[in-house]
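Summary of structural features
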Amino acid sequence: MLDRQVSLKNAVIKLEGKMKNTVFLLFVCILFSLETAAEPPKPNIVIIFTDDQGYADLACYGNTKNKTPRLDQLAKEGTRFTSFYSQTVCGPSRSALLTGRQPIRSGGWGMPASEITWAELVRKSGYETACIGKWDVSNRKPVIPRMPNAQGFDYFYGTLGANDNGTVNFHENNEAAGTSKDMGSLTRLYTDRSIDYLKNKRDPKKPFVLYLAHTMMHTIIDASHRFRGKSKGGLYGDVVEEFDYETGRLLDTLDELKLSENTLVIYTSDNGPWNQDKYTKRKKGHPEGSIFWGEAGPLRNGKGSPYEAGYRLPCIVRWPGQVPAGRVNDAVFATIDFMPTFANLCGFEVPKDRHIDGIDQTDLLLGKSEVGREFFYFNNAGVRKGKWKYLKPDAHFYGYAVDNARKKVNELYDLEADLGEQNNLANKHPEIVEELKRLMDVILNWK
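Procedures and definitions
- Residues numbered from 1 in each chain as written.
- Predicted model: local features only at pLDDT ≥ 70, side-chain atom pairs only at ≥ 80, totals over all residues.
- Heavy atoms only, no water.
- Buried < 20%, exposed > 50% of the residue type's maximum accessible area, 1.4 Å probe, protein only.
- Helix = DSSP H or I, 4+ residues; strand = E, 2+ residues; numbered from the N terminus.
- Arc of directions from axis to C-beta.
- Contact = heavy atoms within 4.5 Å.
- Axes fitted to C-alpha atoms, helices over the stretch in contact; angles between N-to-C directions.
- Parallel < 35°, antiparallel > 145°, perpendicular 65-115°, else oblique.
- Polar contact = N/O pair within 3.5 Å; in protein donor to acceptor, adjacent residues only side chain to side chain.
- Salt bridge = Lys/Arg side-chain N within 4 Å of Asp/Glu carboxyl O.
- pLDDT = per-residue confidence, 0-100.
- Pairing = 2+ DSSP bridges.

Focus: helix H3 (residues 69-77)
- Every buried residue of H3 is listed here: Leu71, Asp72, Leu74 and Ala75. Down the axis of H3, the buried set is contained in an arc of 155°. They therefore lie on one face. Among the exposed residues of H3, those pointing more than 90 degrees away from its buried face are Pro69 and Lys76.
- Turning to H3, the residues buried within the fold contact strand S2 (79-85), helix H8 (234-256), strand S8 (263-269) and strand S9 (312-318).

Focus on the packing of H3 against H8
- Running from N to C, H3 and H8 cross one another at 55°; their axes reach a closest spacing of 7 Å. The angle between the axes of H3 and H8 places the two elements in the oblique class. Judged by residue contacts, Pro69, Arg70, Leu71 and Leu74 of H3 engage Phe243, Asp244, Thr247, Gly248, Leu251 and Asp252 from H8.

Quick look at the side chain of Arg101
- By the element assignment, Arg101 lies in the loop between helix H4 (90-99) and helix H5 (103-106).
- Note on Arg101: relative accessible area 8%, which makes it buried.
- A polar contact of 3.4 Å, which involves the side chain of Arg101, links it to the backbone oxygen of Arg105.
- Residues in contact with Arg101, not counting those within four places in the same chain, are Ser95, Ala96, Ser106, Glu115, Ile336, Arg354, His355, Ile356 and Asp357.

Regarding the pattern of salt bridges
- A full pass over the atoms with the stated rule returns 34 salt bridges.
- Among the ionic pairs, Glu246 bridges to Arg188, the shortest N-O distance being 3.1 Å. Taken together, the residues Glu246 in helix H8 and Arg188 in helix H7 (residues 186-201) connect sequence positions 58 residues apart.
- Residue Arg188 is classed as partly exposed on the basis of its relative accessible area, which comes to 35%.
- Put simply, Glu256 and Lys199 hold a salt bridge, and the shortest N to O gap is 3.5 Å. Of this pair, Glu256 sits in helix H8 while Lys199 sits in helix H7; the two residues are 57 residues apart in sequence, bridging distant segments of the chain.
- With relative accessibility at 52%, the residue Glu256 sits in the exposed group.
- Ionic contacts of the salt-bridge type, sharing partners, join the residues Asp51, Arg94, Lys134, Asp136, Arg140, Asp164 and Asp270 into one network.

A word on the confidence of the model for the chain
- Across the chain, pLDDT averages 91, with 89% of residues at or above 70.
- For the stretch residues 1-9, pLDDT sits under 50, and the model shows eleven contacts to residues farther than four places along the chain or on other chains.

A closer look at unusual backbone geometry
- In this structure, Met217 follows Met216 across a cis peptide bond, with omega equal to 20°.
- Take Met217: it is sitting in the loop between strand S7 (208-213) and H8.
- Cis geometry marks the peptide bond from Thr219 to Ile220, where omega comes out at 15°.
- Position of Ile220 among the secondary structure elements: in the loop between S7 and H8.
- Positive phi, close to 55°, is recorded for Asn139, a residue that is not glycine.
- Its place among the elements puts Asn139 in the loop between strand S3 (128-134) and strand S4 (155-159).
- The partly exposed category is assigned to Asn139, whose relative accessible area is 37%.

Side note on the sheet that holds strand S13 (residues 382-385)
- Reading across from one edge, S12-S13-S14-S15 is the order of the four strands in this open sheet, with antiparallel pairing throughout. Of all the strands in the sheet, just strand S12 (375-377) and strand S15 (411-414) have a single pairing partner and so form its edges. Strand-to-strand twist in this sheet, taken as the mean axis angle between neighbours without regard to direction, amounts to 15°.
- Pairing between S13 and strand S14 (residues 388-391): four bridges, direction antiparallel. Each bridged residue has a counterpart across the sheet, and for Gly382 the counterpart in S14 is Leu391.
- Helix-sheet contacts for helix H12 (residues 430-445) involve S12, S13, S14 and S15, and the interaxial angle to S13 is about 110°.

Here's what the structure looks like:
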């Protein structure tokens, strides 16, 4: 945009001597107003990030038990992506989202203070930033140089880790802020804090980024009394429906404050559901017989796995008048793309001293392109290019995600024809296997 404005200025200078003052000023006003109108304004950004949510948990992604009217409406008002990728586990997913770098570079749970987040950079463009909810990249410890305030966020309220033992410890900015064992209160609590930020803590004269990272649906799950026992999907369905309701409250606040028209809302999750069979017998604080994981739909396996259910998540993006409404798109898009995409939209430069794995997906978001990207699976497990997905014989699985039916061989799947990854085509297409192996080598050698 700046280059075009310089060109316009030069053209105006050449014309200035040939036109009378009044006509000249009118000409300049029209010219520059047309140029400014051609570019969307810097948007506010709200990222709504859930935990361990399944690809098929929402009605708009095929669920027939859970009622999710607010997220379904969000999908109608924006674009629903069907080949969107996070990472396969919590901490690595968050470091990738924040830095635009694969976890093998950004450090996952142990993300060092030397990593640069988009939150640090967007503030240089005049933005305010807030992080509310689960942080999970400082090894779940109060290491101040690696906590949100030191990594670009003006305001933080939430937890440094997960709730695996049924307890959470809160921080507000760098100070301890209490403890809770009431897991059913967290979705509303984080929503209330987000609404309070929008209404009372931000500077209304500045654009903002709000990163809301929910603890739910990570075990130990629970819903508030208002939603417990109300869904057809059991306790997990109760949690999904409460999340949908609370997300609606946040969206209503954007409307109330007249922020919706210039706010880019992104809803997605960190990894797939914790749905392996061995966990069906694990109670760990849950009511007898309760199911505490989401639905992967047609996808194979779940959290911790290099199969699609570990990585592929629902993603809905809304920006009225900019992101096409009612659109469903299957191009490959990922959380690692947030950094360069925000750079374009918000007016900052990505770091030049390190490799950024994400790509600028502005045109994809705005409906100007339908082309996606290649995607590299965590810990050098495999790669996707177009419809083809390759997994190495020793592809990385977390222990709880090991697929006992899997043979340790090269795997190649046509995801357009075989979304459930049941038909291994590696022996039929050795040339494609070799091509994707070479692509993996290129990716790994990027510094």
